[in-house]
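Chain by chain, the residues:
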Amino acid sequence: MFSLFKSKKNSTDKSSAEDNSKTESWTSKIRQGLARTRQNFGKQLSSLLSSRKIDEALYDELETILLTADAGVNATNLLLDALRKKVKRDALNNAEQLKEALQETLINLLAPLAQPLDVTTKKPFIIMITGVNGVGKTTTIGKLAHYFQSQGKSVLLAAGDTFRAAAREQLLAWGERNNVTVIAQESDSQKKSDPAAVIFDAINAAKARDIDIVLADTAGRLTTQMHLMEEIKKIKRVINKALPDAPHEVLLVLDANTGQNALNQLKAFDEALGVSGLVLTKLDGTAKGGVIAAIAAQYPQNPPALRFIGIGEGLEDLRPFDAQEFVEAIFD
Ligand SMILES: Nc1nc2c(ncn2[C@@H]2O[C@H](COP(=O)(O)OP(=O)(O)OP(=O)(O)O)[C@@H](O)[C@H]2O)c(=O)[nH]1
């Protein structure tokens, strides 16, 4: 009894130690991933806030810093208004207090975006991945599959990007390495590519194999390519035929480098498909992580669910979005 208890305790200690080291490694990873934004935004802030009194000139400079970090006009105004109120209410009078107040204001703005994806409500849980060309859809699918597998879920991939041959190969290679089934059409150039049919087959395979999650890739498309926007609507309809009430999640992948244009992409894909969640990729490649604030401020009443953020090309470089963790990582 005692030894059982002891061994259990040891294993709990071990797993909590593992959890702690995982958290720590993610914390340092996210700091590293967001280094550019921190160097741009955090450093400018630090120099602005060091040894300055809180006056109109400081607010003006802060406005410029937020705008250059791609926070956009709405988010910048919201943040500055909230900050002014806080300064007044709490009678803040030094830069260090202002910095803390800004962190808090930012966390308040971003926190509503943090809505984790619950994949346990359906089985198989069908996730359709969309977005414009090159934003990182296929890479995100590899990372998501890795993430869900690490949570003990079984995953099946549908190579629905039949347009770009490399996307199919990318998924197949990933599936082979990680022992995940990938449903793809045969690489027979004579055959007409039909992304909807590939995803339809994948859903049936997932049902037959009792798989937890299907990740369906789709080809990149510009929102102005009307025929391709019609095609993606059709893919969604076909998914729904394969499994009523699916897809359970329409994930729009946005590249953090696209700045304010991300808002236009969100609007257009949402109108076409009804987007239920976002992934913001390549935050490591940009000094302008402020786009996240722009997304939050665009829909203050009904903020979109930012499910995951991508901070690198590696399999581990994707995590659920956490507002506090993010804000702490962009401050010096
Ligand atoms: N630095 C960095 N690179 C990323 C990230 N996510 C994806 N990439 C890179 O972005 C490039 C495009 O990624 P893909 O996954 O092929 O993009 P896609 O959206 O599937 O592309 P299309 O199918 O052509 O629309 C690749 O070189 C990826 O390695 C990220 O979070 N950080």
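Cut-offs applied
- Residues numbered from 1 in each chain as written.
- Predicted model: local features only at pLDDT ≥ 70, side-chain atom pairs only at ≥ 80, totals over all residues.
- Heavy atoms only, no water.
- Helix = DSSP H or I, 4+ residues; strand = E, 2+ residues; numbered from the N terminus.
- Expected span 1.5 Å × (residues − 1).
- Buried < 20%, exposed > 50% of the residue type's maximum accessible area, 1.4 Å probe, protein only.
- Salt bridge = Lys/Arg side-chain N within 4 Å of Asp/Glu carboxyl O.
- Core = buried A, V, L, I, M, F, W, Y, C linked by side-chain atoms within 4.5 Å.
- Domains from an automatic or database assignment.
- Contact = heavy atoms within 4.5 Å.
- 1 Å grid on protein atoms, 1.4 Å probe; cavity = no way out; pocket = protein on both sides within 12 Å on 5 of 7 lines; lining within 4 Å.
- Points joined across faces, edges and corners; volume = space filled by probe spheres on them.
- Nonpolar A, V, L, I, M, F, W, Y, C, P; charged D, E, K, R; others polar.
- Pairing = 2+ DSSP bridges.
- Axes fitted to C-alpha atoms, helices over the stretch in contact; angles between N-to-C directions.
- Buried area = accessible area lost by both parts, 1.4 Å probe.
- Polar contact = N/O pair within 3.5 Å; in protein donor to acceptor, adjacent residues only side chain to side chain.
- Phe/Tyr/Trp six-rings, centres within 6.5 Å; stacked < 30°, edge-to-face > 60°.
- Lys NZ or Arg CZ within 6 Å of the ring centre and 35° of its normal.

Undergrad: Explanation requested: helix α10 (residues 261-273) in the structure shown.
TA: Since there are 3.6 residues in each turn of an α-helix, residues three or four apart along the chain are aligned in direction. An ideal rise of 1.5 Å per residue puts 18 Å on 13 residues; α10 measures up with 18 Å between its terminal C-alpha atoms. Those residues of α10 not exposed but buried are Ala262, Leu263, Gln265, Leu266, Phe269, Ala272 and Leu273. Just downstream of α10, Gly274 is the residue with a positive phi angle, here 75°.

Undergrad: I'm lost on the pattern of salt bridges in this one. Help?
TA: Pairs can form between side chains of opposite charge once their charged atoms are near each other. Tallying each qualifying case throughout the model produces 15 salt bridges. Between Lys53 and Asp55 there is a salt bridge; the shortest N-O distance is 3.9 Å. Notably, a salt bridge pairs Lys267 with Glu271, separated by 3.2 Å at the nearest N-O pair. Of this pair, Lys267 and Glu271 both sit in helix α10, four residues apart, which is roughly one turn of the helix.

Undergrad: What's the story with the nonpolar core in this structure? I'm lost.
TA: In summary, soluble globular proteins display a tendency toward joint burial of nonpolar side chains. Counting 108 residues, the largest nonpolar core has Leu110, Ile127, Phe148, Leu157, Leu215 and Ile309 as the members making the most contacts within it. Residue-level mapping places this core at the junction of two domains, with at least three residues from each of domain 1 (23-113) and domain 2 (125-321).

Undergrad: Is there a simple way to explain the environment of Ala114 in this structure?
TA: Take Ala114: it is sitting in the loop between α5 (95-110) and β1 (125-130). For the pair formed by Ala114 and Ile65, sequence separation is 49 residues and the distance between their alpha carbons is 24 Å. Those residues in contact with Ala114 that sit more than four places away from it in its chain are Leu306, Phe321 and Ala323.

Undergrad: What is the right way to read empty space enclosed by the protein from this model?
TA: Remark: the empty space left among the atoms is shown by a probe the size of a water molecule rolled over them. Per the stated rule, a full pass over the model turns up one cavity of 30 Å³ or more. Looking at the largest cavity, its volume works out to about 100 Å³. Lining the largest cavity are 14 residues, with Phe41, Leu106, Gly290, Ala293 and Ile330 positioned closest to its centre. Counting residues per element, the ones that place at least two in the lining of the largest cavity are α2 (35-49), α5, α11 (291-298) and α12 (323-330). A breakdown of the residues in the lining of the largest cavity according to their chemical character gives 11 nonpolar, three polar and no charged. Each of domain 1 (23-113) and domain 2 (125-321) contributes no fewer than three residues to the lining of the largest cavity.

Undergrad: Quick question: what am I supposed to make of the sheet that holds strand β6 (residues 277-281) here?
TA: What links the strands of a sheet is backbone hydrogen bonding, and the strands pair in either a parallel or an antiparallel sense. Overall, mixed pairing links the eight strands, which are arranged β3-β2-β4-β1-β5-β6-β7-β8 in an open sheet. Each edge of the sheet is formed by a strand with only one pairing partner; in this case those strands are β3 (181-183) and β8 (318-320). Recorded for the sheet is a direction-independent mean angle of 25° between the axes of neighbouring strands. Relative to strand β4 (residues 213-216), β1 is paired through four bridges, and the arrangement is parallel. Bridge assignment links Phe125 to a residue of β4, and that residue is Ile213.

Undergrad: Got a minute to help me understand the domain arrangement of the protein chain in this structure?
TA: As a measure of interface size, the accessible area lost when the parts come together is often cited. With domains assigned, the protein chain is organised as domain 1 (23-113) and domain 2 (125-321). Contacts between the two partners involve 20 residues from domain 1, matched on the other side by 29 residues from domain 2. Buried surface at the junction of domain 1 and domain 2, both sides included, amounts to about 2100 Å², of which 65% is carbon and sulfur. With a shortest N-O distance of 2.8 Å, Lys29 and Asp317 are connected by a salt bridge. Summed over the shared surface of domain 1 and domain 2, the number is 10 residue pairs in polar contact (both at pLDDT 80 or more). For the side of domain 1 that touches domain 2, the class distribution of residues is 11 nonpolar, six polar and three charged.

Undergrad: What is the right way to read the packing of aromatic side chains from this model?
TA: Here a ring pair, both rings aromatic, is described through the centre-centre distance and the interplanar angle of the planes. This model, assessed by the stated rule, comprises five aromatic pairs. Aromatic side chains Phe41 and Phe331 sit 5.8 Å apart centroid to centroid with 85° between the ring planes, which places their arrangement in the edge-to-face category. Of this pair, Phe41 sits in helix α2 while Phe331 sits in the segment after α12, and the two are 290 residues apart along the sequence. Residues Tyr147 and Phe308 carry aromatic rings whose centres are separated by 5.5 Å and whose planes lie at 75° to one another, so their mutual orientation is edge-to-face. Of this pair, Tyr147 sits in helix α6 (residues 137-150) while Phe308 sits in strand β7 (residues 306-310), and the two are 161 residues apart along the sequence. Judged by relative accessible area, Tyr147 falls into the buried class, the value being 16%. Note that Arg84 overlies the ring of Tyr59, its terminal NZ or CZ placed 4.2 Å from the centroid.

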